[in-house]
Amino acid sequence: GGGESKDYDGKGEDQEQQNSSNPDSRVTNYYSINSEHSACQNSTKSMSNFEYRRILLEVFFIQWCSFFFLGSFETVLTPVTQRAFAWGPLRNSIVFAVISASLII
């Protein structure tokens, strides 16, 4: 054995007591950690504006594609159902209402 116990970082009890009794070292460590954290936040803030714009453009593109598909579907479905099933505007409206209700549910 030995009279001195070791911590995980290899410091003895006497060194640990000296560090804990010195409040300046704890304050310095606190401010150095917070300054590193705030520097990290500042770098992410400058990138976030670009990221938000990119994500917003992606959402607009996906929304445009969805509306384009929906408009094309409505345009094509009406003549197809009229020719294939002899459906009129009322039955086509019912089909679109059922499709909308199934998408909402």
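Owing to the predicted nature of the structure, the values given are computational and were not obtained by experimental measurement. (Residues numbered from 1 in each chain as written. Predicted model: local features only at pLDDT ≥ 70, side-chain atom pairs only at ≥ 80, totals over all residues. Heavy atoms only, no water.)

Undergrad: Any chance you could explain the confidence of the model for the chain here in plain terms?
TA: Detailed reading of the predicted coordinates is not advisable wherever pLDDT falls low. Residues of the chain with pLDDT of at least 70 account for 55%, and the chain-wide mean is 75. For the chain, helix α1 (residues 13–21) is the element with the lowest average pLDDT, namely 53, and helix α3 (residues 89–104) is the one with the highest, namely 91. (pLDDT = per-residue confidence, 0-100. Helix = DSSP H or I, 4+ residues; strand = E, 2+ residues; numbered from the N terminus.)

Undergrad: I keep staring at the packing of aromatic side chains and nothing clicks. Help me out?
TA: Aromatic ring pairs: the centre-centre distance and the angle between the two ring planes describe each pair. Going through the model one piece at a time under the given rule, you end up with 4 aromatic pairs. Note on Trp64 and Phe68: the rings are 5.3 Å apart at their centroids and 15° apart in plane angle, and the pair reads as stacked. Placement of both Trp64 and Phe68 in helix α2 (residues 23–85) is noted, with a separation of 4 residues, approximately one turn of the helix. When sorted by exposure, Trp64 lands in the same class as Phe68, which is exposed. (Phe/Tyr/Trp six-rings, centres within 6.5 Å; stacked < 30°, edge-to-face > 60°. Buried < 20%, exposed > 50% of the residue type's maximum accessible area, 1.4 Å probe, protein only.)

Undergrad: Mind showing me how you'd approach the pattern of salt bridges here?
TA: Where charged atoms from two side chains of opposite charge approach closely, those side chains can pair. A full pass over the atoms with the stated rule returns 2 salt bridges. One salt bridge in this structure joins Arg54 and Glu51, with 3.0 Å as the shortest N-O distance. Taken together, the positions of Arg54 and Glu51, both in helix α2 and 3 residues apart, correspond to about one turn of that helix. When its relative accessible area of 27% is taken as the criterion, Glu51 is described as partly exposed. Note that Glu58 and Arg54 form a salt bridge whose closest N and O atoms lie 2.6 Å from each other. Placement of the pair is Glu58 and Arg54 together in helix α2, with a separation of 4 residues, close to one helical turn. (Salt bridge = Lys/Arg side-chain N within 4 Å of Asp/Glu carboxyl O.)

Undergrad: In this structure, what is going on with a nonpolar patch on the surface? I would like to understand it.
TA: Taken together, the side chains of Ile55, Leu56, Leu57, Val59 and Phe60 make up a nonpolar region of the molecular surface, amounting to roughly 490 Å² of accessible area. With respect to the helices and strands, the residue Leu57 is situated in helix α2. On the basis of relative accessible area, Leu57 is assigned to the exposed category, the value being 61%. (Patch = residues over 30% accessible without salt bridge, like charges linked within 9 Å, V, L, I, M, F, W, Y side chains within 5 Å. Areas by Shrake-Rupley, 256 points an atom, 1.4 Å probe, with all protein chains shown as cover.)

Undergrad: Help me understand unusual backbone geometry, please; the structure alone is not making it clear to me.
TA: Glycine aside, the phi torsion of most residues is negative, and most peptide linkages are trans. Positive phi outside glycine occurs at Ala86, with the angle close to 60°. Structurally, Ala86 can be placed in the loop between α2 and α3. For Ala86, a relative accessible area of 62% translates into the label exposed.

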